[in-house]
Amino acid sequence: MENRKKVAFYTLGCKLNFSETSTIARSFQDEGFDRVDFEDEADIYVINTCSVTENADKQFKQIVKKAIKKNDKAFVAAVGCYAQLKPEELAAVDGVDLVLGATEKFKITDYINDLSKNDMGEVHSCEISEADFYVGSYSIGDRTRAFLKVQDGCDYKCTYCTIPLARGISRSDTLENVLKNAKEISEQNIKEIVLTGVNIGDYGKGEFGNKKHEHTFYELVQALDNVEGIERLRISSIEPNLLKNETIEFVSQSRTFVPHFHIPLQSGSDDILKLMRRRYLRNVYTERVAKIREVMPHACIGVDVIVGFPGETDEHFLETYNFLNELEISYLHVFTYSERDNTPAAEMDGVVTMNVRSKRSKMLRGLSVKKRRAFYENQIGTTRTVLFEGENKEGYIHGFTENYVKVKTPWNPELVNTLHEIKLTKIDEDGIVRMEFVNEPVFV
């Protein structure tokens, strides 16, 4: 069996990409390839690209270099969002042989017939209007949790965003298929499933290839709560206008859904939200947070926010800062605005200088540290359930409680991928929470 080809994967970007990489990897394994680590020598390197952050674009070239260094005769394929938006640019990168866009990436094994190096990368990239079919994905084997893709694409037209250009229209997996995938995952001793998609609150649209919603996100959540063998379900990121009170109330009473919400805000200024063409104003956001706090006071609430959007004055930024400072949230993901080709925002007046963007980003990252600390402090003394992860980190094993508090205890391999009732005791110097077991774990 010495002549089996080896394939390695590198994923940039979001949880959805991780999920899709796993699906692509399984198609290689079905064709008789062996999957190896990206650090190892392989015959084929597949890089799943991202277009959302400036950084992801630059990282791509470094990753290609890394692959070629391991094996200069290796076949290098780029797939994913950046590959859809700028296929020629990626094909021109030294060492790249194949670039596959949104519809082709799931047929990658069809394209890799001849593993001889190409002088100039081959491009197979569809017009994005063709990306109207749905490929279900879930990732497994990489982590103690699985990412289950339920939806793809987006019909929103936020002025800064390339995702509709990269991923196409909003479309959903069928409820039947989502439940089948969830069952498959639960049978592989995976304790936690994270629901992913580009705009998961829009779930149901395009489920049967049309625009109408056959099922809603709320119905999806209800159905998943009944799948046996799943200990935890987590909603990854959901638009505030699509997170309905009925869903919040259901999660608060649910068997498996955890009290953790990640809700993009993007700006705390109504003026900027309008320029961004977001589908809500800040009062909607305030209402969502208040509702979550009413029914789940211990919930973790994460927020996405963009700084330096065109037209954002100091006053607008302070509106955002003060809004977030007063809001009872748990952490921030701060994105510094970067211009994207073919987006309305790239043409807007009022460009914010790079140093001001970076200063604002620093301020909000500082606020995030304070928010997380206050949230953790609030949890000290409470009893929670932890799911331990698989890595030995300097003699400790880390895990997350249901409400996303990061904890640590001395390393014990038998704790990996197990759930335990614990009491949170104190915050360590590194900001991670120490814990004690309510009942000492017994290992068979």
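Residues numbered from 1 in each chain as written. Predicted model: local features only at pLDDT ≥ 70, side-chain atom pairs only at ≥ 80, totals over all residues. Heavy atoms only, no water.

As a reminder of what qualifies: UniProt positions are given in the numbering used here, feature names are shortened, and annotations may be inferred rather than shown by experiment.
By the naming in an unreviewed UniProt entry, the protein goes by Threonylcarbamoyladenosine tRNA methylthiotransferase MtaB and is assigned to Flavobacterium beibuense. Recorded in UniProt under Catalytic activity (unreviewed entry), the annotation for the protein is "N(6)-L-threonylcarbamoyladenosine(37) in tRNA + (sulfur carrier)-SH + AH2 + 2 S-adenosyl-L-methionine = 2-methylsulfanyl-N(6)-L-threonylcarbamoyladenosine(37) in tRNA + (sulfur carrier)-H + 5'-deoxyadenosine + L-methionine + A + S-adenosyl-L-homocysteine + 2 H(+)".

What to know about the overall build of the protein
This is how the line gets drawn: Secondary structure elements follow DSSP: runs of H or I no shorter than four residues count as helices, runs of E no shorter than two count as strands, and numbering proceeds from the N terminus. Here the globule rule is a power law, 2.2 Å times the number of residues to the power 0.38, and the radius of gyration is based on C-alpha atoms. Categorising residues by exposure relies on relative accessible area from a 1.4 Å probe, with only protein chains included: less than 20% of the type maximum marks a residue as buried, more than 50% marks it as exposed, and the intermediate range marks it as partly exposed. All accessible areas in this document rest on Shrake-Rupley with a 1.4 Å probe, and a residue is counted as covered only by the protein chains that are shown.
Along the backbone of the protein there are 13 helices and 20 strands. The globule rule puts the C-alpha radius of gyration for 444 residues at 22 Å, and the 22 Å found for the protein is close to it. With the C-alpha coordinates of the protein rotated into their principal frame, the extents come out at 65 × 60 × 45 Å. For the protein, the proportion of its 444 residues judged to be buried stands at 55%. By element, 47% of the accessible surface of the protein is carried by carbon and sulfur atoms, the whole surface being about 19900 Å².

Quick look at the packing of helix α9 (residues 245-253) against helix α11 (residues 282-295)
The condition that has to hold: As a rule, the C-alpha atoms of each element are fitted with a line to give its axis, helices using only the stretch in contact, and angles between N-to-C directions run from 0 to 180 degrees. Oblique is the label for any angle not under 35 degrees, not over 145, and not in the 65 to 115 range, which are roughly parallel, roughly antiparallel and roughly perpendicular in turn. Crossing chirality is assigned from the near helix's rotation relative to the far helix, an anticlockwise turn below a right angle marking it left-handed and a clockwise turn marking it right-handed. By definition in these notes, contact holds between two residues if any of their heavy atoms fall within 4.5 Å. Each residue is assigned to one class: nonpolar for Ala, Val, Leu, Ile, Met, Phe, Trp, Tyr, Cys and Pro, charged for Asp, Glu, Lys and Arg, and polar for all the others, Gly among them.
Relative to each other, α9 and α11 sit at 25 degrees, their axes nearing to 10 Å. By the criterion of interaxial angle, the relationship of α9 to α11 is roughly parallel. Between α9 and α11 lies a crossing of right-handed hand. Facing Asn245, Ile248, Glu249 and Ser252 of α9, the residues of α11 in contact are Arg288, Lys291, Ile292 and Val295. Along the lines of polarity and charge, the residues of the contact of α9 with α11 split into 3 nonpolar, 2 polar and 3 charged.

A word on the pairing of strand β20 (residues 433-437)
Convention followed: Paired strands, as defined in this entry, are two strands with at least two bridges between them according to DSSP.
What you see with β20 is a clean split: Val433, Met435 and Phe437 sit on the buried side and Arg434 and Glu436 on the side with no burial. Sheet analysis places strand β18 (residues 406-410) next to β20, joined by 2 bridges and oriented parallel. Paired with Lys408 across the strands is Arg434, a residue of β20. The hairpin formed by strand β19 (residues 419-427) and β20 contains 5 residues between the paired strands, and Gly431 there has a positive phi angle of roughly 85 degrees.

Some words on the domain arrangement of the protein
For clarity, the threshold we go by: The split into domains, and so the bounds of each, comes from an automatic or database assignment of domains. The quantity reported as buried area is the accessible area (1.4 Å probe) lost by two parts once they are put together, taken as the sum for both. Salt bridges, as used here, are contacts in which a Lys or Arg side-chain nitrogen is within 4 Å of a carboxyl oxygen on Asp or Glu. What qualifies as a polar contact is a pair of N or O atoms within 3.5 Å, subject to a donor-acceptor requirement within protein and to the restriction that residues adjacent in sequence count only when both atoms come from side chains.
Domain boundaries in the protein define domain 1 (6-126), domain 2 (136-258), domain 3 (263-374) and domain 4 (382-437). Between domain 3 and domain 4, the C-alpha centre-to-centre distance is 30 Å. For the domain 3 and domain 4 pair, buried surface summed over both sides reaches about 440 Å², with 57% attributable to carbon and sulfur atoms. Contact with domain 4 buries surface across domain 3, with His298, Cys300 and Arg373 losing the most and accounting together for 84% of the total. Here domain 3 is connected to domain 4 by 0 salt bridges. Counting across the domain 3 and domain 4 interface gives 1 residue pair in polar contact (both at pLDDT 80 or more). For the side of domain 3 that touches domain 4, the residue count by class is 2 nonpolar, 1 polar and 1 charged.

A few points about the side chain of Gln379
With respect to the helices and strands, Gln379 occurs in helix α13 (residues 354-379). Taking the relative accessible area as the measure of exposure, Gln379 reaches 2% and is therefore buried. In this structure the side chain of Gln379 is engaged in a polar contact, spanning 3.0 Å, whose partner is the side chain of Asn403. Once you skip the residues sitting within four places of it in the chain, Gln379 turns out to touch His298, Arg384, Asn403, Val405 and Leu424.

Here we look at the sheet that holds strand β15 (residues 331-336)
If you trace the 3 strands from one edge of the open sheet to the other, you get β13-β14-β15, paired in parallel fashion. Two strands in the sheet have a free side with no partner beyond their single neighbour: β13 (260-266) and β15. Averaged over all neighbouring strand pairs, the angle between strand axes comes to 20 degrees, with direction disregarded. Note that strand β14 (residues 300-307) and β15 share 6 bridges and pair parallel. Pairing of Gly302 across the sheet is with Tyr331, part of β15. Relative to the sheet, helix α12 (residues 314-326) contacts β13, β14 and β15, its axis offset from that of β14 by approximately 175 degrees.

Structural notes on the packing of helix α8 (residues 217-224) against α9
At a closest axis distance of 9 Å, the pairing of α8 and α9 adopts a crossing angle of 15 degrees. Between α8 and α9, the interaxial angle falls into the category roughly parallel. When the axes of α8 and α9 are compared, the crossing they make is left-handed. For the pair α8 and α9, contact is made by Phe217, Tyr218, Val221 and Gln222 and by Glu246, Thr247 and Phe250, respectively. In terms of residue class, the contact of α8 with α9 is made up of 4 nonpolar, 2 polar and 1 charged.

What about unusual backbone geometry?
Of note in the backbone geometry, Arg277 takes a positive phi value of approximately 60 degrees without being a glycine. Judged by its relative accessible area of 47%, Arg277 falls in the partly exposed class. Residues other than glycine seldom take positive phi values, yet Asn342 does so here, at roughly 60 degrees. Counting through the fold element by element, Asn342 comes out in the loop between β15 and α13.

Brief notes about the pattern of salt bridges
By the definition in use, this model includes 28 salt bridges. Asp152 is paired through a salt bridge with Arg167; the nearest N and O atoms lie 3.1 Å apart. Of this pair, Asp152 sits in strand β9 (residues 151-152) while Arg167 sits in helix α6 (residues 163-167); the two residues are 15 residues apart in sequence, bridging distant segments of the chain. Of the two residues, Asp152 and Arg167, both sit in the buried class. Asp430 is the salt-bridge partner of Lys408, the closest N and O atoms lying 2.8 Å from each other. Of this pair, Lys408 sits in strand β18 while Asp430 sits in the loop between β19 and β20, and the two are 22 residues apart along the sequence.

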